[in-house]
Amino acid sequence: MDGQTEFAPGQRLMQFLIAIVMGAVAIGFFAIKGCQSGPFGRKQIVEMSDTEQVDLGKQAYQEVLSDPKSKVVDRGKIVIAVKEVTDRLVAATKNPEFLRMVKIPERKYEWDVRVLDSREVNAFCLPGGKMVVYTGILPVCKTDAGLATVMGHELSHALGQHGAERMSQAKLAQIGVAAAGAGFGGSQGDKERVMTILNAGAKFGITSYGRTHETEADHMGLLLMATAGYDPAETVKFWERMKAQSKGSSQPEFLSTHPSHETRIRDLTGWIPDAMPLYRASKNTDRPKVLPLE
Ligand SMILES: [Zn+2]
């Protein structure tokens, strides 16, 4: 659930984020903080603080919301339903047992969500906690638990600092670019061409990260939705619906780096027993509620 059409910022937004990182590199922000312990103890390189991620996410959020094509839905039953799901998930991000299982500290993010009226089957959470849900994904979600599956996954990309990690990856590449640029006596045009080529290379490197991040977000998202009181078994039903919906349609190329629906469903099924104690300990264990769609 990431890439150009499904549940994630589009390519234009990713280019925008990378452009901001390139700006940071240009003003001399070269510090490499090295390896940290990421989700589930995985080693990761993140060169941005929570505050820097919040600031970056806010800029990107403004970029998305101020786009003339973005139709923000600001009232109605669906906005209330979406907010209820994201509020419960955000509260769950502070749960000590969830944090202990995922092996991450509590994040100092500024959470917010907007619903955009669009046929796109999409949703995302930017670094620092700003979320967007497109109405096109809601029929596939069908229930609040289905939406919690999607948003649990998306919040987990932010909690796992996946965006910041990908940008740190790009920044490492950009250090090379800056060094090459410094010794580059040619015209501005030549320099820009080199920058373009190397940036394309960095982007290629970024996409190869997709699979690890997707699987990690599935795992964390399952634990998060269970902590928020959504039945983790509903996640499998959601992915069965996604599988049925995407059958026969042409697959976007980005999906090639992502887990197949079968792998995803198998992995999630294997993690459900770990998620059940979190679900049982939560205060909300109502049956899934059908989303109020027109
Ligand atoms: Zn994803």
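Just above sits the structure.
Not measured: the values here are computed from a predicted model.

Asks: Account for the nonpolar core, with residues named and values stated.
Replies: The biggest cluster of nonpolar side chains holds 55 residues, and the ones touching the most others in it are Leu147 and Met151. Setting aside anything within four residues of it in sequence, one finds Leu147 in contact with Val82, Val85, Val133, Leu138, Cys141 and Leu291.

Asks: Outline empty space enclosed by the protein, supporting the account with residue identities and numerical values.
Replies: A probe matching the size of a water molecule, rolled over the atoms, marks out where space remains unfilled. What the rule picks out here adds up to three cavities of 30 Å³ or more. Arg88, Asp144, Ala145, Gly229, Tyr230, Asp231, Glu234, Asp286, Arg287, Pro288 and Lys289 are the residues that line the second largest cavity. In terms of residue class, the lining of the second largest cavity is built from three nonpolar, one polar and seven charged.

Asks: Describe the side chain of Asn122, and please don't skip the residues or the numbers.
Replies: Along the polypeptide, Asn122 turns up in the loop between β4 (112-116) and β5 (123-125). Taking relative accessible area as the criterion, Asn122 reaches 1% and is therefore assigned buried. One polar contact links Asn122 to Glu120, side chain to side chain, over a distance of 2.8 Å.

Asks: A description of the packing of aromatic side chains should follow, citing residues and the corresponding values.
Replies: The full count for this structure, using the stated rule, is three aromatic pairs. For the pair Phe238 and Trp239, a centre-to-centre distance of 5.2 Å together with 80° between the ring planes defines the contact as edge-to-face. Given the relative accessible area of 0%, Phe238 is considered buried. The aromatic ring of Tyr230 is capped on one face by Arg88, whose charged end is 4.0 Å from the ring centroid.

Asks: Account for the sheet that holds β5, naming residues and giving values.
Replies: The four strands are arranged β3-β4-β6-β5 in an open sheet whose pairing can be described as mixed. Of all the strands in the sheet, just β3 (72-73) and β5 have a single pairing partner and so form its edges. In this sheet, strand β6 (residues 130-134) lies alongside β4 in parallel orientation, the contact comprising five bridges. Looking across to β6, one finds that Asp112 is bridged to Lys130. Sheet strands touched by helix α2 (residues 50-65): β3, β4, β5 and β6. Its angle to β4, the strand with the most contacts, is close to 20°. With respect to the sheet, helix α6 (residues 144-159) is in contact with β5 and β6, its orientation differing from that of β5 by roughly 35°.

Reading the values: the criteria
Residues numbered from 1 in each chain as written. Predicted model: local features only at pLDDT ≥ 70, side-chain atom pairs only at ≥ 80, totals over all residues. Heavy atoms only, no water. Core = buried A, V, L, I, M, F, W, Y, C linked by side-chain atoms within 4.5 Å. Buried < 20%, exposed > 50% of the residue type's maximum accessible area, 1.4 Å probe, protein only. Contact = heavy atoms within 4.5 Å. 1 Å grid on protein atoms, 1.4 Å probe; cavity = no way out; pocket = protein on both sides within 12 Å on 5 of 7 lines; lining within 4 Å. Points joined across faces, edges and corners; volume = space filled by probe spheres on them. Nonpolar A, V, L, I, M, F, W, Y, C, P; charged D, E, K, R; others polar. Helix = DSSP H or I, 4+ residues; strand = E, 2+ residues; numbered from the N terminus. Polar contact = N/O pair within 3.5 Å; in protein donor to acceptor, adjacent residues only side chain to side chain. Phe/Tyr/Trp six-rings, centres within 6.5 Å; stacked < 30°, edge-to-face > 60°. Lys NZ or Arg CZ within 6 Å of the ring centre and 35° of its normal. Pairing = 2+ DSSP bridges. Axes fitted to C-alpha atoms, helices over the stretch in contact; angles between N-to-C directions.

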